[in-house]
Structures are given as C-alpha cells and as structure tokens.
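If you want the building blocks of each chain, they are given just below.
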Amino acid sequence: MMLDKFLEYLQFEKRYSPHTITSYKKDLEDFSYFYLKTESSEDISKADKKIIRNFIVELSENNISKRSINRKLSSLRSFYHFLLKIGEIKVSPAESISSLKFYPEKQIPMSKEEMQLLNDRVFDQLHDLLEKCIMEVLYQTGIRKAELCGMMFENVNLNGNGLKIIGKGNKERVIPISEDLSDLLKSYLKIRHPQTEYKSYFFVNKKGKKLTEKFVYVVVNKYLSLITTKEKRSPHILRHSFATHVLDNGAEISKVKKILGHSSLASTQVYTNANIEQLKKVFNQAHPRASKNDEL
C-alpha cells in the first residue's frame, strides 16, 4: 500500500522522528477515511484536486483550526510528492492548492517575576524531584516536550554540564546547563529506577517507564497554574519564556537559534517580537506624551 511505503520512506530515508511520522500517518488516515466515505475507495493515490478541496471544506465546517488544516494539507503535499518521485502519478493534486491564511495566536510568555515566584514559593518546598527536573530543564534549556521525553541517558553529560538533544529531522545540538541544574539532575539520578527496556532514557516515571508527552504537559500546567492566570500554561510556553528571557538579557539571537534547534533565524525572531510588545506596553503606560490609544 502506498501509505505504508510513504511512511517507510519518512522513517528510513528522511529519518524523521517517530512523533513526526505519527502526525503524517494521522493526517493521511483522516484523508483516507474522507476519501472512502465520499468516493467508496481506499486508493487515495487516485484523488484529484476537487476531492482535496472538499476535504478542506469539511474540516473547516467541523471547526478544525486553520493551522491544523494547513498541516494536513502539507502532509498531503509530501505524500503526493513522494508518489511523483517513485512514478506512481504524473501530477500532484495538492500542489496548486494554497494554504489557508491565518494570524497565529499570540503566545504570552511567563514573566521573569512569575518564574522567580515559582522558584521561591513552590520549588523550595517541592520534594518531587522528577517534576522539579521537568520544569527546570524545560525552562533552563528551552527544549521541546518531545525532546525531553526522548532525552537519552548517554547524551547527558553532568560532569561537563551539557545535554545533547536529538531534535526535529534527527538533528543534534548540544545545550549547556548551569551547575545548579546539573546538581539537580544528579539528585534525580539517585531516585531514578528505570525498567530494563527503558534504561536508555534519562527520564522515567515512578513506574520506571519512559515519560509521555501528556504527563509532561500535565506537570507543567499544574505548576504554572499556581503562579499565573494566563490561559496558555504548556511546555511550549516555558520554551517561549526561556527564549524571551535570555534574549531580553542580551543573548545573541544566532546562539539562541542554535540552542532552540531552529532551522531559520525567522523562527527565533518571533521571540524578539514579544520584547517589542512589552516595550510598547511600558511606553504607553509610562511615557508622559503617550496616551492609552497611542502605539509605538
């Protein structure tokens, strides 16, 4: 089946992560179900442009976000590009279909004061080393939740104070860590008891199994709820906060780009925009010539 061949191509030739491959599989299975429902066929290699547009319309009518629709469309483009490459089709039905335009929702990072409050009021009395490590590693390194869950034991150098992270596209990067974080991770090792099949992972839960992304999200949301009323309280917000705070403190954007594992500088520049928004707010509230409706 072409879908299986495509997923094997992503795994062995493109060397995509299991998480990314799962996302592609889900997107294509959603389209396959739609194709079966409307065309009474499972062979999506025969789909045309009209079918794909009808799929997009149905997703919109079901209140699927534009971001999610664009991701599914991107998955379809990649699938049909693969079919072109191996000679299964001559024209991609997805190639000329434009992505939906949308304005990304603003991500408001935690403030430095909020993170300090978390440290002073919560962490000083927190005895759960695993949960404290999750919060501190995410905030002090800016890694993604999937990268934290997949962090390998052999890639953690606590004597050299560095983490080797395998990011998107299996790209490696080394992130320096503070001595305090290194000491915290050493303390965690004393209570770490992995099951044999999960020994290669640095972080394991209390049952000795690899952490799940859902567990990490629940932990982050729980602790951020103690110090903020902001709606977004996810692991990504800690990544956003890390980038915003280090840039605000004078870090070079090119170095932050490398630490975050971004492929382009434009992705990192998003975090400088957060600082500009904060400057606008300060200006409008404090400058004698600024009115509440003025914009910098």
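In the block above lies the structure referred to throughout.
Residues numbered from 1 in each chain as written. Predicted model: local features only at pLDDT ≥ 70, side-chain atom pairs only at ≥ 80, totals over all residues. Heavy atoms only, no water.

So, the overall build of the protein
Consideration 1: Helix and strand counts for the protein come out as 12 helices and 3 strands.
Consideration 2: In the protein, which comprises 296 residues, the share counted as buried stands at 39%.
Consideration 3: A sequence separation of at least 24 residues applies to 57% of the contacts in the protein between residues at least 6 apart.
Consideration 4: Just so you have it, the protein exposes about 17,900 Å², and 50% of that area is on carbon and sulfur atoms. (Helix = DSSP H or I, 4+ residues; strand = E, 2+ residues; numbered from the N terminus. Buried < 20%, exposed > 50% of the residue type's maximum accessible area, 1.4 Å probe, protein only. Contact = heavy atoms within 4.5 Å. Areas by Shrake-Rupley, 256 points an atom, 1.4 Å probe, with all protein chains shown as cover.)

Examining the side chain of R144
Consideration 1: Topologically, R144 is positioned in the loop between helix 6 (129-141) and helix 7 (145-149).
Consideration 2: Side chain to side chain, R144 and E147 meet in a polar contact 2.5 Å long.
Consideration 3: Setting aside residues up to four positions removed in sequence, R144 forms contacts with L138, K168, R173, R239, L260, G261 and H262. (Polar contact = N/O pair within 3.5 Å; in protein donor to acceptor, adjacent residues only side chain to side chain.)

Some details on the sheet that holds strand 1 (residues 156-157)
Consideration 1: Pairing within the open sheet is antiparallel, and its 3 strands lie in the order 1-2-3. The open sheet terminates on both sides in strands that have one partner only, identified here as strand 1 and strand 3 (172-176).
Consideration 2: Bridging between strand 1 and strand 2 (residues 162-166) involves 2 bridges; their strand directions are antiparallel. Bridging across to strand 2, N157 finds its partner in G162. (Pairing = 2+ DSSP bridges.)

With respect to the side chain of S92
Consideration 1: By secondary structure assignment, the location of S92 is in the loop between helix 4 (66-85) and helix 5 (112-122).
Consideration 2: On the basis of relative accessible area, S92 is assigned to the buried category, the value being 8%.
Consideration 3: Separated by 3.4 Å, the side chain of S92 and the backbone nitrogen of E95 make a polar contact.

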